Amino acid sequence: MKAFILPKPEIGNFLEAVAGGHPLWIPAEEDGIVSFCRYDGGSEVCLDAKPRIPAKRFFLPQWEEMFAFEVATADPVIRLAESTDAVRRQVVFGVRPCDAKAVQLLAMVFMNCHTTPDKDIYFQRRIDSTVLIGWACNSPDPTCFCNALGGHPHGQEALDALMIDLGNEILVKLITDQARAVVAQYSMAEADERSLSRASRLAESVMATMPKGLKLGRPCGEDTEALFGLSLWEETAEQCLNCGICTYLCPTCSCFDILDHVEQNGGCRFRTWDSCMFSLFTRQGSGYNPRSTRAKRLRQRFMHKLKYFPERHNGRVSCVGCGRCVEFCPVNIDIREVAERMTISNGA
Amino acid sequence: MTNPYISYPVRITEIVNETPDKQTRSFKLRFIDPEDRTRFRFTAGQFAQLSIAGQGEMPIGIASSPSEEGDLLFTVHRVGRVTSFLHAMRVGDCIGLRGPYGNGFPWEIMAGKTIVVVGGGFAFTTLRAAIQQMLTPEMRSQFDDIYVVYGCRSPDGLLYKTQLRDWQKRGDISLHLTVDDPGSSGWRDHVGLVPQIVRKVAPSGSDNTIAVMCGPQAMIKFSVLALREMRYPPEQIYLSLENRMKCGIGVCGRCNIGKDFVCKDGPVFTLAQLVHSRGDL
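Residues numbered from 1 in each chain as written. Chains lettered and ligands numbered in written order. Predicted model: local features only at pLDDT ≥ 70, side-chain atom pairs only at ≥ 80, totals over all residues.

### Observations regarding the overall build of chain B
When you go through chain B residue by residue, the secondary structure sums to nine helices and 15 strands. Computed over the C-alpha atoms, the radius of gyration of chain B is 18 Å, within 12% of the 19 Å expected from 2.2 N^0.38 for a compact globule of 281 residues. With the C-alpha coordinates aligned to their principal axes, the bounding extent of chain B is approximately 50 × 45 × 35 Å. Residues counted as buried form 50% of the 281 residues belonging to chain B. Intrachain contacts of chain B at a sequence separation of at least 6 include 70% that bridge at least 24 residues. (Helix = DSSP H or I, 4+ residues; strand = E, 2+ residues; numbered from the N terminus. Rg over C-alpha atoms; globule rule 2.2 N^0.38 Å. Buried ≥ 20, exposed ≤ 12 C-beta atoms within 10 Å, placed from the backbone. Contact = placed C-beta atoms within 7 Å.)

As structure tokens, this is what we get:
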């Protein structure tokens, strides 16, 4: 891996050069909310806060056409035209290390599909065509806890490049060939020993500010039946509004619905984000609903992240500690406290 | 790279009203490209997603057995938007079909055993496939006794009536039909709920018995109790489940019971697999 130095005032030129080759997305402020916006030359990058909607939207968009169809009356055979929308290369700048790590967890769902050889083609195409340029966190929010899930505010996992703000200059680490290709147009000086050691000291000092002793990995070792029986679910559900904001803003939540949109002689099948917080999510044709209460739906969310997902995927917890669900929950439900209460045995 | 969400085009070749109220219909489906038929290899107990462009998809158990060549059989109860639309379609119309999905019945474990099939109402579809499969001349000798208890509210509700009569004539299957209310139909078989009939006619549980079940919640719940009292171990009671599902490949996230996805790890589970997550049932 090669590291370069970008003088801070040059960041605009750097983005301009990257955008010259490919569609570029950058975090920008709009109506007081930081979100990924399409770079159009004039856009001002905002790196003070993590984008509210995580980078999962580039791999699992909130609304995605799967294929179009035509219903011609003369011939009843339905013609399918697969959407090819997602194959263009795109670059996302300013991705936080937690959000990038989440993409790895999403890939476990969409590219394993457990045992079938069938990969989710839409996700796969987006993985293949998206270049992620990360932005290291120097001042994590009070709700951040990536370190409790094996992450690091300066982590590089699943990123193509990582940029670290060293004050008046930015250290640019190019991790993959894709990243090297994307910034090839822009010439930068190679980083010297001094900058590299400044960056690693900075990484250590930021890590030292992170919370200690959280137990997000512990519930997966607990007994399923015992977890189901906890009074925690009923108690927490008394607060929960089932609004679904925790699932929409979660970088690892990936449940979706598949629906058809129809116009006169055709239409498309598309998928949209869905949420285990909603009662229609599991309601069956007969009217029976296995998760008919708020408590059951709330339990599903936490059990999925902290128990079922690790059981299916080598102990990996389906949370990256970005803290969005903690920050934006209107009734202050906190996954860190829930995980603590799901740690019921006295094991190590 | 193939796209798992794209269906094979199929044509409806036959529609049969299974019940006089016309709410449950069987559809025979033929692959428009015969090559697709050879690609579509399944075992009894699996299901497929039937797709109607503009309406959506529905997960439906495959009611024909792999031993039956030619068109696939699906029996669909009319419940919501997509099933209603299918019910309004005619022979010759085209729809989509993708799959097969799920694990199917545990044929390797069932071999050599006495099999007790327990079914209720219009959920008898994949059980039909299983029985049909076991009764083929090549397969029948691989099993010990075969008991079937199939019940409905009234005689009208029973699916595959002609086939049931054929099975009743055979000496190598012990078929017990039951209804809650025979009405004035001249019903000559059992009267009573499925779990009661299971208690009456099924053998006691042993190393040699496997129960395979599909039906409404209440039937499953009380039939499981009956079988447990008859000393069937939870590892030898198989339940075929139906949950709301969309993708069929374990991705969309809604059909899970505990850590298991009904579409991918099921739809057939042992009672032992489900007992720890029964709060999700």
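### What about helix 7 (residues 194-201) of chain B?
Residues and elements named next belong to chain B. Looking at helix 7, one finds that the buried residues are Val-194, Pro-195, Ile-197 and Val-198. One side of helix 7 carries all its buried residues, which in axial view fall inside an arc of 160 degrees. Packing partners of the buried residues in helix 7 comprise strand 7 (114-120), strand 8 (146-152), strand 9 (174-179), strand 10 (190-191) and helix 8 (217-229). (Arc of directions from axis to C-beta.)

### Examining the environment of Phe-27 of chain B
All names here are of chain B. Relative to the assigned elements, Phe-27 resides in strand 2 (residues 24-31). Here the alpha-carbon distance between Phe-27 and Gly-186, two residues 159 residues apart in the chain, equals 29 Å. The residues touching Phe-27, leaving out its near neighbours within four places in the chain, are Ile-12, Ile-15, Phe-74 and Val-76.

### Points about the sheet that holds strand 3 (residues 47-52) of chain B
All names here are of chain B. What the six strands build is an open sheet, ordered 4-3-6-1-2-5; its pairing is antiparallel. Only two strands of the sheet have a single neighbouring strand rather than two, namely strand 4 (56-61) and strand 5 (72-77). For this sheet the average axis-to-axis angle between neighbouring strands, irrespective of direction, equals 40 degrees. Pairing of strand 1 (residues 8-17) with strand 6 (residues 94-101) involves four bridges; the strand directions are antiparallel. Bridging across to strand 6, Pro-9 finds its partner in Gly-96. (Pairing = 2+ DSSP bridges. Axes fitted to C-alpha atoms, helices over the stretch in contact; angles between N-to-C directions.)

### Quick look at the domain arrangement of chain B
Residues and elements named next belong to chain B. Examined at the domain level, chain B breaks down into domain 1 (8-101) and domain 2 (107-240). The C-alpha-based centres of domain 1 and domain 2 are spaced at 24 Å. The residue inventory of the side of domain 1 that touches domain 2, partitioned by class, reads five nonpolar, ten polar and two charged. (Domains from an automatic or database assignment. Nonpolar A, V, L, I, M, F, W, Y, C, P; charged D, E, K, R; others polar.)

### Overview of unusual backbone geometry
Looking along the chain, the bond that leaves Gly-99 of chain B and enters Pro-100 of chain B is cis, with omega of -5 degrees. Here Pro-100 of chain B is to be found in strand 6. The linkage connecting Gly-266 of chain B with the following residue, Pro-267 of chain B, adopts the cis geometry, with an omega of 10 degrees. Its identity is not glycine, yet Asn-242 of chain A carries a phi of approximately 55 degrees, on the positive side. Looking at the element boundaries, Asn-242 of chain A is found in the loop between helix 7 (232-237) and helix 8 (245-248). At Asn-314 of chain A, a residue that is not glycine, the phi angle is positive and equals roughly 50 degrees. Its location among the elements puts Asn-314 of chain A in the loop between helix 9 (294-312) and helix 10 (324-328). Note on Asn-314 of chain A: 7 C-beta atoms within 10 Å, which makes it exposed.

### Some thoughts on the interface of chain B and chain A
With 38 residues of chain B at the contact, the number on the chain A side is 43 residues. Within the residue set of the side of chain B that touches chain A, elements represented by two or more residues are strand 4 and strand 6 of chain B. Across the side of chain B that touches chain A, the residue classes break down as 14 nonpolar, 16 polar and eight charged.

### Quick notes on the nonpolar core
As a rule of thumb, soluble globular proteins bury nonpolar side chains together. By size, the foremost hydrophobic cluster in this structure holds 167 residues, and its most contacted members are Val-92, Ile-133 and Met-163 of chain A together with Phe-74, Ala-211 and Val-212 of chain B. A total of eight residues in this core trace back to one element, the largest contributor, which is helix 2 (residues 97-110) of chain A. With residues up to four places along the chain from it excluded, the contact list for Val-212 of chain B reads Phe-105, Ile-115, Val-117, Leu-127, Ala-130 and Tyr-238 of chain B. (Core = buried A, V, L, I, M, F, W, Y, C linked by C-beta atoms within 7 Å.)

### As for the environment of Arg-30 of chain B
Residues and elements named next belong to chain B. Here Arg-30 shows up in strand 2. On the basis of neighbour count, Arg-30 is assigned to the partly exposed category, with 17 C-beta atoms found within 10 Å. C-alpha of Arg-30 to C-alpha of Gln-46: the two residues are 16 residues apart in sequence and 18 Å apart in space. Excluding its chain neighbours within four sequence positions, the residues that come into contact with Arg-30 are Val-10, Arg-11, Thr-13 and Asp-71.

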